[in-house]
Structure formats: structure tokens, C-alpha cells
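Overview (structure and organization)
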Amino acid sequence: MVCKVGKDFFGDNYIQNFKDNAVHIDFVRQTSDAATGAASIIVNSAGENAIVIVAGANMLLGSAELERAHPAISHAKVLVCQLEISPQTSLQALRMAQENKVKTIFNPAPAIPDLDTGFYRASDVFCCNETEAELLTGSSVANVEEAHRAGQELLKRGCGSVIITLGPLGCVVLEAPESISKHVPAPAVTAVDTTGAGDSFIGALAFYMAHYPTMPLEEMARRANQVAGVSVQADGTQTSYPFRKQLPAELF
């Protein structure tokens, strides 16, 4: 983990949570210049969520911290980046990874309409949800067919591959150079809380890319759908994520 948190109660808790879950914290820094980033989450009776993010210390993560983490990044199997830190810091990290032949996953969340075009070329897998895809392409993404078209547009911008997640509809997967769009359905479940489902999907995807690098991306997405489907059946974000022992053996 490469991140920055505040010197406060939440920052201390984050670091302890990393330790409890065996997450490497050598590149986790605390600062007195900002509070730990936080999110206010509202969930309705259907399990759908609305989130307000206050980035705080996240935005103070910069080039100096990346340089310190360079040895770890350059020897990683997969790097995951998003936009809850400075976009330029994320882009720098992705380029650093690609220069060292490390696979990259970029999740443009929270989405910004004027995304630097370098992000597309720096993404081996560009993974976004339907709302993010709409903002980035300017086109409606309300069903699988529209997701196919949005995926084609994103792929043209230079991504190695594109995955657009569609909640209960699963996801669509496109890979260069074929650019054939494939729909990967999700298992039918009763959602209790969808908060963090996209992160669950991306975490699972990163796991499969790291541990099963020859597995077809479509199959990785199918398995990631299943992991995300488990997470939405429980309350909370990280607390809803299953451990390996709680998942079917066939996923491994």
C-alpha cells in the first residue's frame, strides 16, 4: 500500500487495519498537514449507495512518496490506481509500473470529465462502472448494448483492455487489438449493500492477474463478478469482503 493518512484517530485506525490484514505498510505515511481522507455513505432500502468523499491527506501523496516506493512498485506483479489521490500522482505511478513491465489496473473513480489522455495509454486494464463510463464518453450507459459502445470508445483511446462493470448485469470486457466486446453476466443475488462492490471486483481482478497471469481476462472478470456478488450480500465496505476460505474452491 502506498498512501498518506493524517496524524489522527482515523489515520491510526487505518494503519492498524492494514496491519491486521497483513498489508505492507512501509510506504504508508502520516501527515499533520491534513486530516485522514473520509467518505460519508448513504445506503437505501434497495442496497444502492451514494457517497460523498473528503480526500484530505490523500491529496498530499506525491512524487517523493512514489520515489520511495519505486523498488516495491517496480517489482510488483500488478499495480492498482484510482482517483482518490491526485490524478497526476496516479498517472506517474502507472507509468512507473509500465516502465518496469508491471501490469496496471486503473479505476477512474471518482470520475472526472477532463481525464488526462495519458491514463488510457498507461492502463493495461481500464476498469470503470457505468456512471464513470458515461461521464468519460458523454454517452448513455444504461444497458449492456450501450456499455459495448462505450467500451469501444474507451479502447480507441489507447487502453490495453476495458472492463465496464454494470452492477447486477455483470460487466463487459474488451481487449485490444481485437476490440470484440464480451458480456460477462453476474450471478443473481439479493443485494443488501452495494457499497464497495466495484472495489471488491477490482481487488479480485488484481488477484487473478497476479496469481493466474495466463487466465483469459474474460474468465478473470467472471470470477471477480462472483466475488463482488458475495460482497453485496453483507453490510459495509471492507467488512463485506470475503476471505478466500469463504469463497467456493472453484474460484481458485
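Predicted model only: the values in this text are computed from it and were never measured.

**Topic: the nonpolar core**
- Leu-79, Phe-106, Leu-115, Phe-126, Leu-154, Val-162 and Ile-164 are the most contacted members of the largest nonpolar core, which has 34 residues in total.
- Not counting residues up to four positions away in its chain, the partners in contact with Phe-126 are Phe-106, Pro-108, Leu-115, Tyr-120, Leu-136, Leu-154, Cys-159, Ser-161, Val-162 and Ile-163.
- Cys-127, Ala-204, Ala-210 and Met-215 belong to the second-largest nonpolar core, a separate cluster that totals 25 residues.

**A word on helix α1 (residues 9-20)**
- Over its twelve residues, α1 runs 16 Å from end to end, which matches the ideal 16 Å to within 8%, given 1.5 Å per residue.
- Regarding α1, the residues found buried are Gly-11, Ile-15 and Phe-18. Across the axial projection of α1, the buried residues extend over an arc of 55 degrees, all falling on one side. Turned more than 90 degrees off the buried face of α1, the exposed positions are Phe-9, Phe-10 and Asp-20.
- Summarising the contacts, the buried residues of α1 are in contact with β1 (2-6) and β2 (27-31).
- The positive-phi residue at the C-terminal boundary of α1 is Ala-22, with phi of around 60 degrees.

**Looking at the sheet that holds strand β5 (residues 78-81)**
- Taken in spatial order, the six strands line up as β5-β6-β7-β8-β9-β10 in an open sheet, and their pairing is mixed. Only two strands of the sheet have a single partner each, and these edge strands are β5 and β10 (181-184). Strand-to-strand, the axes of this sheet are offset by a mean angle of 20 degrees, without reference to chain direction.
- Pairing geometry for strand β9 (residues 171-175) and β10, over four bridges, is antiparallel. Its bridge partner being in β10, Val-173 is matched across the sheet by Lys-182.
- Set on the sheet, helix α3 (residues 87-99) makes contact with β5 and β6 (103-106); between it and β5 the angle comes to about 170 degrees.

**Overview of the environment of Asn-58**
- Residue placement: Asn-58 occurs in the loop between β4 (49-54) and α2 (63-74).
- Taking C-alpha positions, Asn-58 is 8.8 Å from Gly-6, a pair spaced 52 residues apart along the chain.
- A distance of 3.0 Å separates a polar atom in the side chain of Asn-58 from the backbone oxygen of Glu-84.

**A few points about a nonpolar patch on the surface**
- On the surface, a nonpolar cluster with roughly 290 Å² of combined accessible area is contributed by Ile-41, Val-43, Ile-51 and Ile-53.
- For the nonpolar patch, the secondary-structure elements that each account for two or more residues are β3 (38-43) and β4.
- Relative to the elements of secondary structure, Ile-41 occurs in strand β3.
- Note on Ile-41: relative accessible area 38%, which makes it partly exposed.

**Re the packing of aromatic side chains**
- Applying the stated criterion across every chain, the model contains nine aromatic pairs.
- Relative to Phe-252, the ring of Phe-207 has its centre 5.8 Å away and its plane inclined at 85 degrees; by these criteria the two rings are edge-to-face. Taken together, the positions of Phe-207 in helix α7 (residues 197-211) and Phe-252 in the segment after α8 (217-231) put the pair 45 residues apart, joining distant regions of the chain.
- When its relative accessible area of 26% is taken as the criterion, Phe-252 is described as partly exposed.
- Aromatic pair Tyr-208 and Tyr-212: ring centres 6.0 Å apart, planes at 40 degrees, arrangement tilted.
- Taking relative accessible area as the criterion, Tyr-212 reaches 23% and is therefore assigned partly exposed.
- Ring-pair connections join several aromatic residues into one group, and the members of that group are Phe-106, Phe-119, Tyr-120 and Phe-126.

What counts and how
Residues numbered from 1 in each chain as written. Predicted model: local features only at pLDDT ≥ 70, side-chain atom pairs only at ≥ 80, totals over all residues. Heavy atoms only, no water. Core = buried A, V, L, I, M, F, W, Y, C linked by side-chain atoms within 4.5 Å. Buried < 20%, exposed > 50% of the residue type's maximum accessible area, 1.4 Å probe, protein only. Contact = heavy atoms within 4.5 Å. Helix = DSSP H or I, 4+ residues; strand = E, 2+ residues; numbered from the N terminus. Expected span 1.5 Å × (residues − 1). Arc of directions from axis to C-beta. Pairing = 2+ DSSP bridges. Axes fitted to C-alpha atoms, helices over the stretch in contact; angles between N-to-C directions. Polar contact = N/O pair within 3.5 Å; in protein donor to acceptor, adjacent residues only side chain to side chain. Patch = residues over 30% accessible without salt bridge, like charges linked within 9 Å, V, L, I, M, F, W, Y side chains within 5 Å. Areas by Shrake-Rupley, 256 points an atom, 1.4 Å probe, with all protein chains shown as cover. Salt bridge = Lys/Arg side-chain N within 4 Å of Asp/Glu carboxyl O. Phe/Tyr/Trp six-rings, centres within 6.5 Å; stacked < 30°, edge-to-face > 60°.

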